[in-house]
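Examining the three-dimensional arrangement
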Amino acid sequence: MARIARLLVLAGVLVLLLWLGLKAWRVYQSAQSLLSIEPEARALMAGGVKQIDPDAAEALVLRARTDIAVLHDELAIIRPIAPYLGWVPRLGPTLVASPHLLEMADAGSEAGALAVTSLKPALTIFQREDFGMTSLGELLPVISDAAPELEDAAAAVTRYAAARDALSAAVPADTLPWRVRQLLEVSDEWLPIGQDGLRLLPQLPALMGQDGPRRYLILAQNEDEMRATGGFITGAGVITVQGGRITDLEFRDANNVDNWRDKPYAFPPQPFYDFMRLELFGFRDANFWPEFPVSAEKAMQLYEYGLDAPSFDGVIAIDQEFLRVLVDATGPVPIPGTDQRISADNVLQTLRQARDIQEGQEIQEWVRDRKAFLGGFAAAIQAKIETGFGSIDPLKLVTNLVGAAEERHLSIYMRDPKLGAVLAANGWDGSLPQAPPGDFLMAVDTNMGYNKANIFVERALDYEVTLASQPQAHLTITYRHTGPTPGEPCYQGVDQEFEEAAEYLAIADQCYWNYLRVYAPAGSTLLDSSRHTVPGETLYSETTWDSAGQTIEDIPWLTTFANFLLVPRGEEVTASFTYQLPAGVIVPLASGESLYQLDIRKQPGMKDEKVRITVNLPNGATLIEASPAPIAVDGFRISFELNLNRNELVAIRYR
């Protein structure tokens, strides 16, 4: 019996070794195959998207998918023990990271295989020599047919993102091999674009009017005169698309939308009357609310009312910086009927100069035509895209447009609920969260000086929060006017703008009258604030403003603090608010730890601004993890410095 037992054990060991050997062989073969794919992929893409062989691309992606699936399955045995192998010299962090890296590879290859296979017919159409935006109608049915696969690919990318987050939590990035860190940097750069694109692509046929014409209102906003959703509405465009083609595009001066003579208009939001003495609510002031869907609906309502226009399907809001990144992607654009070429380097200067009076032009003619350049510029962009699309790098175009949305120079609102949900998921619709994940902060400026002073105004935020049973926040906002200190006093408005056809910079180099709103979590209570005096002799109303901050009714699901202040040329002014936060900003975790998160929103159109955040943990607390990396940790005090060029999330986990 003992001999038989030894034979059985030996047979079992041999079977185990054979099984492990087969696994090792399969892993080796798959790994070698994957290593050979990288140079093949580089060679395949060397000529750009236009030169990729669709069949070869599909074959390569499917081969990678097969190899990764083998690795994922064959190495499943090590996944349960990998988290405990961090002690292994040199290889420990990589072993701990391996289950997450395998999950990322599996999810990423699944998404790639689904996307490439379903969109291969679209790539063939796109690569035709005569392809242009007029050919987009041919792509829409292909994208419609591919929608189920694209939605599955989007789900796979969501799985990839979850694995990436788990990897960050499991292993510090600087402990991983250099090559892995390089690949992760590339992945982190393209992941948001992939997520946004795969969510939006299945909806593109509806967006581009495959089933009938779609009419969109374009708000051309000027961030030199800051307003809540990105700037003063200087121009209004209407774009109609059907079957993937632009069938109509027109622009007009925003001042020519309202029909003051024949129709009654409502009273504006109270601050417009209090600080600017406006008595009617016109189209150009429609974007009063930072909740973009609310402002967009109001803009559509006022446009349709003023011009008896048909209803719109949505609103697209852009600013001058959006035009710069658009031209950066399309390349220089010739303006029909002129010798001008607009490039990314001169677009802002050209827009400002186009508003100035031209030599030999009468003032009445200038007042009527000073914003006509927008229409010519829009037509030039349309012509460039439709007739010269082959010269545009599509990846750069997509990257720039996504970047513009992420950096709050592009907002899109759609009345169609399905399209609206996708845009909201991408963070492109400018909506503010109804259930912020903890703390929330957004500072919103509204220029009420009838000028373009924001060219010269810099803003910086300093936010300090103390976490206790009753958390408390202190916000300081510093405004610095970079213009020269003048000899003459401030006076609201620029009287000479129309009387003398003043140059653009003349109406910019003015004092800054600002209606400031600060948005905090619902249930916040104002405890103290700075007091601001705006002398009556500087205002049209001639009524002096002298007040501390106030709590106002604005967005129902957030608490809003507000004040009105004046920043004279060449001077610095500070506004501050101290308020109690609701206890819910601190979230208890099942592990016994606590989580504090701050969702900080960039105002659309705002220049990049410095934000300093200081979080004081409760006495005796121990910091477990903070994101992004703090600049300093001094006992219970954690400090961050951000260059706010997009929305940011600060997270602190402590015990």
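Located above this text is the structure these notes cover.
Residues numbered from 1 in each chain as written. Predicted model: local features only at pLDDT ≥ 70, side-chain atom pairs only at ≥ 80, totals over all residues. Heavy atoms only, no water.

Regarding the pattern of salt bridges
Opposite charge on two side chains lets them pair, provided their charged atoms get close. For the record, the criterion: By definition, a salt bridge exists where a carboxyl oxygen of Asp or Glu is found within 4 Å of a side-chain nitrogen of Lys or Arg. Helix and strand assignments follow DSSP, with helices taken as H or I runs no shorter than four residues and strands as E runs no shorter than two, numbered in order from the N terminus. Working definition: with a 1.4 Å probe on protein chains only, accessible area under 20% of the residue-type maximum means buried, over 50% means exposed, and in between means partly exposed.
Evaluated as defined, the whole model comprises 30 salt bridges. Here R199 ties to D196 by a salt bridge, and the two come within 3.0 Å at their closest N and O atoms. In this pair, R199 and D196 both sit in helix α5 (residues 178–200), 3 residues apart, roughly one turn of the helix. Judged by its relative accessible area of 27%, R199 is partly exposed. In the salt-bridge network here, residues are joined through shared partners; they are R65, E103, D106, E110 and R159.

Points about the sheet that holds strand β7 (residues 410–414)
The criterion, for reference: By definition, two strands form a pair when at least two bridges between them are found by DSSP. As a rule, the C-alpha atoms of each element are fitted with a line to give its axis, helices using only the stretch in contact, and angles between N-to-C directions run from 0 to 180 degrees.
Ordered by their spatial adjacency, 5 strands build an open sheet running β3-β2-β1-β4-β7, and the pairing between neighbours is mixed. Only two strands of the sheet have a single neighbouring strand rather than two, namely β3 (245–253) and β7. Taken pair by pair, the neighbouring strands of this sheet meet at an average axis angle of 20°, ignoring direction. Bridge analysis of strand β1 (residues 214–222) against strand β2 (residues 232–242) gives 9 bridges, and the strand direction is antiparallel. The residue of β2 that forms the bridge with N222 is F232.

What about the packing of helix α3 (residues 92–126) against helix α4 (residues 136–170)?
In plain terms, the rule: Here is the rule for angles: anything less than 35 degrees is roughly parallel, anything more than 145 is roughly antiparallel, 65 through 115 is roughly perpendicular, and the remaining ranges are oblique. Crossing handedness: left-handed means the near helix sits turned counterclockwise from the far one by under a right angle, and right-handed means the same turn made clockwise. Note that Gly is not counted as nonpolar here; it falls among the polar residues with everything else outside the nonpolar set of Ala, Val, Leu, Ile, Met, Phe, Trp, Tyr, Cys and Pro and the charged set of Asp, Glu, Lys and Arg.
Contact pair α3 / α4: the axes reach a minimum separation of 8 Å and the direction vectors enclose 165°. With respect to each other, α3 and α4 are oriented roughly antiparallel. Two packed elements cross with a definite hand, and for α3 against α4 that hand is left-handed. Across the contact of α3 with α4, the residue classes tally to 25 nonpolar, 3 polar and 8 charged.

Some points on a negative patch on the surface
The cut-off we apply is this: Patch membership requires more than 30% relative accessible area and the absence of a salt bridge. Residues of like charge join within 9 Å; the nonpolar side chains Val, Leu, Ile, Met, Phe, Trp and Tyr join within 5 Å. Surface accessibility in these figures is a Shrake-Rupley result with a 1.4 Å probe; residues are shielded only by whichever protein chains are displayed. In summary, the charge assignment counts Lys and Arg as positive and Asp and Glu as negative, without counting His or the chain termini. Taken as the charge centre is NZ of Lys, CZ of Arg, CG of Asp or CD of Glu, depending on the residue.
Taken together, the side chains of D145, E149, E151 and D152 make up a negatively charged region of the molecular surface. By the secondary structure assignment, E149 is in helix α4.

Things to note about the environment of L114
Threshold: Residue contacts follow a heavy-atom distance rule, with two residues in contact if any of their heavy atoms lie within 4.5 Å.
Mapped onto the secondary structure, L114 falls in helix α3. Along the chain, L114 and L62 lie 52 residues apart, while their C-alpha atoms are 9.2 Å from each other. Among residues more than four places away in sequence, those in contact with L114 are E149, D152 and A153.

Considering the side chain of N400
Along the chain, the position of N400 falls in helix α13 (residues 394–406). Taking relative accessible area as the criterion, N400 reaches 15% and is therefore assigned buried. Ignoring sequence-local partners within four residues, the contact set of N400 consists of V325, D328 and A329.

Here's the deal with the side chain of D258
Tracing the backbone shows D258 in the loop between β3 and α7 (270–276). Buried and unpaired, D258 has no salt bridge, with R284 as the nearest side chain of opposite charge at 6.0 Å.

What about the sheet that holds strand β9 (residues 457–466)?
The strand order across the open sheet built from 7 strands is β12-β17-β10-β9-β20-β23-β22, with neighbouring strands paired in mixed fashion. Of all the strands in the sheet, the pair left with one neighbour each is β12 (525–529) and β22 (632–634). Neighbouring strand axes in the sheet, compared pairwise and without regard to direction, differ in orientation by 20° on average. Pairing of β9 with strand β10 (residues 472–481) involves 10 bridges; the strand directions are antiparallel. Among the inter-strand pairings, V465 is bridged to a residue of β10, identified as A473.

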